[in-house]
Amino acid sequence: MSTPLTPILTQFWDDPQSWTLDTYLRHEGYQALDKALGMSQEDLVAAAKDSGLRGRGGAGFPTGMKWSFLPKPDGGPRYLVVNADESEPGTCKDIPLLMAAPHFLIEGVAITSFAIGCNHAFIYLRGEVVHVYRRLLRAVEEAYAAGHLGKNIHGTGFDLDVTVHAGAGAYICGEETALLDSLEGRRGQPRLKPPFPAVAGLYARPTVVNNVESIASVPSIVLHGADWFAGMGTEKSKGFGIFSLSGHVTTPGQYEAPLGITLRELLDMSGGIREGHELKFWTPGGSSTPIFTAEHLDVPLDFESVAAAGSMLGTRALQIFDETVSVVRAVSRWIDFYAHESCGKCTPCREGTFWLKQIMARLEYGQGTQDDIDKLVDICDNILGRSFCALGDGATSPVTSAVKYFREEFEAGMHTPWWEAFPPERSVLFPVTAKETIPA
């Protein structure tokens, strides 16, 4: 029996005015906030823990536990920061959610802020998505006007201000401490930990940093109960999540389902691989996770099962590639991205991604050497676990996994350009306009 979809965050995305407060109110909007304001802060944190909600931004850390790490109140401010800096190749769940139903996040922000004793929350949005920024600002205005934000919310005496901040467009600012530096007006670079944000985060005050989808899931947990949420998913990966299918799939898009669904089931729902082709490789959690192949079609998409199979669930960005795509060329494009977005603060990532890019380009254009493949793996070994943040680690994942599963394509890169092995006219991805040598 196939795992059913669970349209919760996506339940009314097809409404003509899905992003408005009126539409949200017709779908139980802000009822959870009423309920939460009548509960104690301790009970709200316990509900988050009991639900089994884990961070939806990639790492999967238990959300309620993160809230509980804040030290006891000392009379000073504490902050909630929502990470909406979604920019990894393939990852595309938070921005559609903010476009289609931003009030899920705003209500979640209000509930979470009350639970942790925060009176000023920040939503850090990627600056390039101006249309999302405008929509989110409008939703915040609606919430203020209706009394769901501001002073004396719902007559309870709880005050909350929400600031929507647009970043300057650096991928590194998706890392929580780099995000905090950027929010404070400094260059976005990761901080050395400890201290952790729960102790000294924004403005050196106790801070909770959570992903958009994590906070947007809170209202339904409060309204329907922790047991309701925990009844979905698997034993250790509870609840639902948005799975983003892109690439060579008949019907790409967002599929909201319980954790533990398989790619085979998702492909059945989305019409399968494009007609006349077959699955070659795919990413379970975006470009920073080790790639999978057709042999992994039945791996349950939950944190533990995906890790046991050698990858990471990450952001559930399922990029699907068929047999027309050169693995070397695909990985080379991802490495271009990571080399460009490395902030340069630590040597392993700054230097390592630069050399990965050079070697991948040689192999892509059929000009590799006998030692290049082993050198790629060696460089990855010297980046992994040695950089300030996870950008370096993420850059190594597609390289090492691609060499593991498709070493013969890397070996072909010593003599055959990618366009000869994989004629671009057969693929809708990675087209080429000129057959050239390695760019200077």
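Residues numbered from 1 in each chain as written. Predicted model: local features only at pLDDT ≥ 70, side-chain atom pairs only at ≥ 80, totals over all residues. Heavy atoms only, no water.

K.L.:
In this structure, what is going on with the sheet that holds strand 1 (residues 79–84)? I would like to understand it.
P.N.:
Sheet strands pair by backbone hydrogen bonding; their relative direction is either parallel or antiparallel. Reading across from one edge, 3-4-2-1-5 is the order of the five strands in this open sheet, with mixed pairing throughout. Every other strand in the sheet has two partners, leaving strand 3 (150–153) and strand 5 (207–211) as the edge strands with one partner each. For this sheet the average axis-to-axis angle between neighbouring strands, irrespective of direction, equals 25°. Relative to strand 4 (residues 158–166), strand 2 (residues 120–125) runs parallel, the two sharing six bridges. Opposite A121, over in strand 4, you have V162 as the bridge partner. (Pairing = 2+ DSSP bridges. Helix = DSSP H or I, 4+ residues; strand = E, 2+ residues; numbered from the N terminus. Axes fitted to C-alpha atoms, helices over the stretch in contact; angles between N-to-C directions.)

K.L.:
How should I be thinking about the nonpolar core in this particular structure?
P.N.:
Looking at soluble globular proteins, one finds that nonpolar side chains tend to be buried together. Counting residues in hydrophobic clusters, the biggest one holds 60 residues, and the most contacted among them are W67, L80, V109, I123 and L160. Take this core: its biggest share by element is nine residues, from helix 6 (residues 102–116). Discounting chain neighbours no more than four positions away, the residues touching V109 are L80, V82, A121, I123, L160, V162 and I215. Counting residues in each nonpolar core, the second largest holds 46 residues, with C349, I359, I373 and A402 among its members. (Core = buried A, V, L, I, M, F, W, Y, C linked by side-chain atoms within 4.5 Å. Buried < 20%, exposed > 50% of the residue type's maximum accessible area, 1.4 Å probe, protein only. Contact = heavy atoms within 4.5 Å.)

K.L.:
Quick question: what am I supposed to make of helix 7 (residues 130–145) here?
P.N.:
A turn of α-helix holds 3.6 residues, and therefore any two residues three or four places apart point the same way. With 16 residues, helix 7 ought to run about 22 Å at 1.5 Å a step, and its terminal C-alpha atoms sit 23 Å apart, in line with that. Every buried residue of helix 7 is listed here: V132, L136, A139, V140, E142 and A143. All buried residues of helix 7 lie within an arc of 155° about the axis, which places them on one face of the element. Relative to its buried face, helix 7 has exposed residues pointing more than 90 degrees away, namely R134 and A145. Buried positions along helix 7 lie against helix 1 (21–25), helix 5 (94–100), helix 6, strand 2 and strand 4. (Expected span 1.5 Å × (residues − 1). Arc of directions from axis to C-beta.)

K.L.:
I'm lost on the packing of aromatic side chains in this one. Help?
P.N.:
Between two aromatic rings, the relevant description is the distance of the centres plus the angle of the planes. In the structure shown here, the tally under the stated rule is 20 aromatic pairs. When the ring of Y24 is compared with that of Y30, the centres are 5.3 Å apart and the planes differ by 85°; the resulting orientation is edge-to-face. Y24 gets classed as buried once you look at its relative accessible area, which sits at 2%. On the numbers, 5.8 Å between centres and 75° between planes, the contact of Y79 with Y203 is edge-to-face. In this pair, Y79 sits in strand 1 while Y203 sits in the loop between helix 8 (176–183) and strand 5, placing the two residues 124 residues apart along the sequence. Residue classification places Y79 among the buried residues on the basis of a relative accessible area of 11%. Here a set of aromatic residues connected by ring pairs shows up, and it is made of F12, Y24, Y30 and F104. Above the plane of the ring of W19 lies R135, whose end atom (NZ or CZ) is 3.8 Å from the centre. Sitting over the face of the ring of F406, K280 holds its NZ or CZ atom 5.5 Å from the ring centroid. (Phe/Tyr/Trp six-rings, centres within 6.5 Å; stacked < 30°, edge-to-face > 60°. Lys NZ or Arg CZ within 6 Å of the ring centre and 35° of its normal.)

K.L.:
Can you help me understand unusual backbone geometry in this one?
P.N.:
Negative phi is the rule for most residues except glycine; trans is the rule for most peptide bonds. Here the amide bond leading from K193 into P194 is cis, since omega sits at 0°, within 30 degrees of zero. The residue P194 is located in the loop between helix 8 and strand 5 in this model. Not every positive phi belongs to a glycine, and A204 is a case in point at roughly 60°. Within the element layout of this structure, A204 appears in the loop between helix 8 and strand 5. Of note in the backbone geometry, R316 takes a positive phi value of approximately 55° without being a glycine. Take R316: it is sitting in the loop between helix 13 (303–308) and strand 10 (317–322). Among the residues examined, R316 registers a relative accessible area of 1% and is labelled buried.

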